[in-house]
Structure formats: C-alpha cells, structure tokens
Amino acid sequence: MSRPLTFLGIESSCDDTAAAVVRAEGLQARILSSVVDGQTALHAPFGGVVPEIAARAHAERLDLCVERALDEAGLGLRDLDGIAVTAGPGLIGGVLSGVMLAKGLAAGSGLPLVGVNHLAGHALTPRLTDGLSFPYLLLLVSGGHCQFLIARGAEDFSRLGGSIDDAPGEAFDKTAKLLGLPQPGGPSVEAEAAAGDPRRFGFPRPMLDRPGCDLSFSGLKTALLRARDAIVAEKGGITRQDRSDLCAGFQSAVVEVLAEKTRRALALYATEGPAEPALAVAGGVAANGPIRAALTRVAEEAGVRFLAPPLRLCTDNAAMIAWAGIERFRAGGRDGMDLSARPRWPLDRSAPALIGSGRKGAKA
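Residues numbered from 1 in each chain as written. Predicted model: local features only at pLDDT ≥ 70, side-chain atom pairs only at ≥ 80, totals over all residues. Heavy atoms only, no water.

**Student:** What is the right way to look at the overall build of the chain in this model?
**Tutor:** In terms of regular secondary structure, the chain is built from 11 helices and 10 strands. Relative to the globule expectation of 21 Å for 364 residues, the C-alpha radius of gyration of the chain, 20 Å, shows essentially globular dimensions. Along the first, second and third principal axes, the C-alpha atoms of the chain reach 65 × 50 × 35 Å. Buried positions account for 54% of the 364 residues belonging to the chain. Of the contacts formed within the chain by residues at least 6 apart in sequence, a portion of 72% connects residues at least 24 apart. Within the structure as shown, the chain displays about 14,700 Å² of accessible surface, and the carbon and sulfur contribution to it stands at 52%. Seen as two clouds, the 39 positive and the 40 negative side-chain charges of the chain have centres 2 Å apart. (Helix = DSSP H or I, 4+ residues; strand = E, 2+ residues; numbered from the N terminus. Rg over C-alpha atoms; globule rule 2.2 N^0.38 Å. Buried < 20%, exposed > 50% of the residue type's maximum accessible area, 1.4 Å probe, protein only. Contact = heavy atoms within 4.5 Å. Areas by Shrake-Rupley, 256 points an atom, 1.4 Å probe, with all protein chains shown as cover. Lys, Arg positive; Asp, Glu negative; His and termini not counted. Charge placed at Lys NZ, Arg CZ, Asp CG, Glu CD.)

Below, the structure is given as structure tokens:
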C-alpha cells in the first residue's frame, strides 16, 4: 500500500479515446497526464454515437493517445508499474481495441496487465480526487447507466437501485435530438434550460409514487415528445422560448427525481452506520450544474459529506481507469493474455438484473 505505483490507463468504451498516467502513494494520487481525444465531430451528422465509426477511430487514435500521455508525463514504459485498461462494459468494438493495445504493450514490456470495469473507474473517482474512505454511497449517473451503489471496496459494490430503462444521459441526448439541439445532449439541454420556465409544462416525476430507489426516464422523454408535438400542432412550429421551456421542464423533472431517490438511498445507507458517511456522484451527467446543486442540498439535509469530481473527470477519461487499476492491483488483481472485452459487466454481480436495463443506449 505504501509503495508508490505508476500506472498507464487506457479507455475506449464509447466515443472518447483516452490515455493517462497516474502515480499513487497510499491514497495520495497525482495525475501526471490525461489525454482525451473526443469523437463528437465524427458522430454529429448521425445524431448519436455510431459503434462502427467509434471502433475505427479508437483503433486509429489509441497508440497516439498513449504516446502523448507518456510524453506529457515525461515517462517511458520502463518507468511504469502496470497497465490498466477498460475491459467493459461498453461498445464492444471500442473496448476490444483498447484491450488488444494493452495486451500488446504488456507483452512487449513485461508489465502487469489489469482489466478494469469502466463503471468501477467512475465509482472510484472520489478516492482518486479526495482519498474518500470506504464505505460511501455513490450515485453513478451517465449516458448509459444510473445506479445507487454502496462502495465498500475496490471490487465490492452493493446496488440499491437503478434505472429500469433509459439512463439520464441517454434521456438528455434524446431530448436534445427531439428539439434539434446539438450532441452531446446534456450540455445543450442544460444551456437551453437556463432561459426557460420549468413550471410551464407539467412533466411527470416517474416512479416517485413507488417505494425504493429504482428510476425510469423513458416516460419523461415521451412526455416531452408529446408536449413538443402539441405545440407544433397548435402553432405550426416551436419558438426559441418554447424550446427553452421544454428543456427547463425536462431538466427540472430529472433533478427532482434524482434528489428524492437519493434521499431514499441515503436512508438505506445510513442503516449501516458508516463511520464517515459520504455521498459521491460520478459519471458524465454529474457535470450538470442543477443536478449537482440539488444533490448538495440533499447531502446537507442528511448531514453527510458530499463529493463531486472536477468536471474533466466526470466524463470518460483514462485517469480514473489508471486509478481503478492501481486499486485492483493492490488487492492482488492481475490479468493475462486471455483478458476478454465485455459488452456488459455489472458492478454488483449478486443483484438481479434491472428490468429493461442494459439493452438501450450506446454505453448500455
């Protein structure tokens, strides 16, 4: 635990090609470099991520990102202690590209290879940035996933609930597409909502009438579609203010649902009597300002510490993969040349599959 470790991280699970070098000593970590090569321009004409295009772009860019990451860190392969790579879940073509590159580097250098669950990378980010102690409650909220997890260890997670259909990020992307806003949808909808009236449309708050921590966002997206169509039928089109109001109403509903479900998850987490209770949020949707503000208030009400990673570490990146690899390596985790790329890989393997989850979205 005390010996300094320096790991290269490789991430290619969706549409961001990334490499990073992280050095850790105990729970003190330093990101020596972090390179993220996004593919937004490649997918923009199609209104969403195209798996084949993403896979080809990863294959073309991964070695260049690794070279840049090592150069920026001022290190060579001989200076590393291991190589961590996202082995799933995600778009299988992209995951496979990263795994094959990592295998080649490990075979050529003799360095240990550690396969990392992409979700664990997000889930362990609060330990990378703030040295957060286990156990903590995590809301993992992204383009392909939405789960409440109690993190007890680097590979020990208990799921309290999650989305049974669309993840919030996917719902934001679909909302942006329905309203003619650019992708990625999250930042576009948030920016448009800033000028809107969240009370104009009475959008539903799905599953708040049911107990537990499960969520649903598909019906909310459908409600927005119907509201948009009603405006078009009445006016022959929608104005800029109509669009802003639709975005504001949609975002307000998502925020309210996430806040209430987080209160319920905190109540369950509190029954375990954690010595240093904490609520953390991670994933791309954690970059949304109103969601962060609402979760901050919920944590203050419950008297627990709240942590949210820097915005650059909310979206997909390889620094979180390098750190998760270090955590797994310290626990004895190693992989051989038989490491497989996995399209699905739940964090809580004992929990039953969520009805309808894992079947939609680029990262599901």
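That covers the picture; the talk isn't over yet.
**Student:** For this particular structure, what's the right way to read the sheet that holds strand β8 (residues 156-162)?
**Tutor:** Taken in spatial order, the five strands of this open sheet run β8-β7-β6-β9-β10, and their pairing is mixed. The outermost strands of the open sheet, each flanked by one partner alone, are β8 and β10 (305-307). Strand-to-strand twist across the sheet, computed as the mean angle between neighbouring axes with direction ignored, equals 25°. Against the sheet, helix α9 (residues 240-270) touches β6 (136-141), β7 (146-153), β8 and β9 (278-282), its axis set at about 150° to β6. (Pairing = 2+ DSSP bridges. Axes fitted to C-alpha atoms, helices over the stretch in contact; angles between N-to-C directions.)

**Student:** Looking at this model, I keep getting lost on the sheet that holds strand β5 (residues 113-117). Mind explaining?
**Tutor:** Strand pairing in a sheet relies on backbone hydrogen bonds. The paired strands run either parallel or antiparallel. Spatially, the five strands line up as an open sheet ordered β3-β2-β1-β4-β5, and their pairing is mixed. Sheet topology places β3 (28-38) and β5 at the edges, where each strand pairs with a single neighbour. Here the strands of the sheet are splayed against their neighbours by 20° on average, with no regard to which way each runs. Both strand β2 (residues 16-25) and β3 contribute to a ladder of 10 bridges, which runs antiparallel. Of the residues in β3, the one forming a bridge with Ala24 is Ala29.

**Student:** Would you mind going over the packing of α9 against helix α10 (residues 289-302) with me for this structure?
**Tutor:** When two helices pack together, their arrangement is given by the angle between the helix axes and by the axis-to-axis distance. For the pair α9 and α10, interaxial distance at closest approach is 9 Å and the crossing angle is 30°. Taken as axis vectors, α9 and α10 run roughly parallel relative to one another. Seen from above, α9 lies across α10 with right-handed handedness. Between α9 and α10, the contacting residues are Gln251, Val254, Val255, Leu258, Ala259, Thr262, Arg263 and Leu266 on the first element and Pro290, Ile291, Ala294, Leu295, Val298, Glu301 and Ala302 on the second. (Parallel < 35°, antiparallel > 145°, perpendicular 65-115°, else oblique. Left-handed = near helix turned anticlockwise from the far one by under 90°.)

**Student:** Whenever I open this one, helix α6 (residues 168-178) confuses me. Can you help?
**Tutor:** Structural remark: α-helix, 3.6 residues per turn; residues separated by three or four positions point the same way. Pro168, Gly169, Glu170, Ala171, Phe172, Thr175 and Ala176 are the residues of α6 that are buried. Buried residues belonging to α6 abut β6, β7, α7 (185-193), α8 (218-235) and α9.

**Student:** Please explain the layout of surface pockets as it appears in this structure.
**Tutor:** The rolling of a water-molecule-sized probe over the atoms marks out the regions of remaining empty space. Empty space within the largest pocket amounts to approximately 1,100 Å³. Around the largest pocket, the lining is made up of 40 residues, and of these Gly143, Gly169, Asp173, Pro184 and Gly185 lie nearest the centre. Listed by contribution, the elements that provide at least two residues to the lining of the largest pocket are α1 (40-43), α6 and α7. The element best represented in the lining of the largest pocket is α6, accounting for six residues. Considering only residue class, the lining of the largest pocket consists of 13 nonpolar, 17 polar and 10 charged. (1 Å grid on protein atoms, 1.4 Å probe; cavity = no way out; pocket = protein on both sides within 12 Å on 5 of 7 lines; lining within 4 Å. Points joined across faces, edges and corners; volume = space filled by probe spheres on them. Nonpolar A, V, L, I, M, F, W, Y, C, P; charged D, E, K, R; others polar.)

**Student:** Could you clarify how one ought to interpret the nonpolar core in this entry?
**Tutor:** A general trend in soluble globular proteins is that nonpolar side chains are found buried together. In terms of nonpolar packing, the biggest core is built from 84 residues, with Tyr136, Phe203, Phe217, Phe250 and Leu258 touching the most fellow members. The element that contributes the greatest number of residues to this core is α9, accounting for 13 residues. Filtering out sequence-adjacent residues up to four positions away, Phe250 remains in contact with Ala171, Phe172, Thr175, Val189, Phe203, Leu220 and Leu224. Ranked by size, the runner-up nonpolar core spans 27 residues in total, among them Val66, Leu80, Ala102 and Leu111. (Core = buried A, V, L, I, M, F, W, Y, C linked by side-chain atoms within 4.5 Å.)

**Student:** Sorry, what's going on with the packing of aromatic side chains here?
**Tutor:** Geometrically, a pair of aromatic rings is defined through the distance of the ring centres and the angle of the planes. Enumeration over the complete set of coordinates arrives at four aromatic pairs. Here Phe134 and Tyr136 contribute two aromatic rings whose centre-to-centre distance is 5.7 Å and whose plane-to-plane angle is 10°, an arrangement assigned as stacked. Stacked on the ring of Phe329, the Lys or Arg Arg334 has its end atom at 3.6 Å from the ring centre. (Phe/Tyr/Trp six-rings, centres within 6.5 Å; stacked < 30°, edge-to-face > 60°. Lys NZ or Arg CZ within 6 Å of the ring centre and 35° of its normal.)

**Student:** Hey, could you run me through unusual backbone geometry in this one?
**Tutor:** Among all residues save glycine, negative phi is the norm, and among peptide bonds the norm is trans. Omega for the peptide link from Gly88 to Pro89 comes to -15°, which places this bond in the cis form. The topology assignment puts Pro89 in the loop between β4 (82-88) and α3 (92-109). Omega for the bond connecting Gln183 with Pro184 falls within 30 degrees of zero, at 0°, which places this linkage in the cis form. The residue Pro184 is located in the loop between α6 and α7 in this model.

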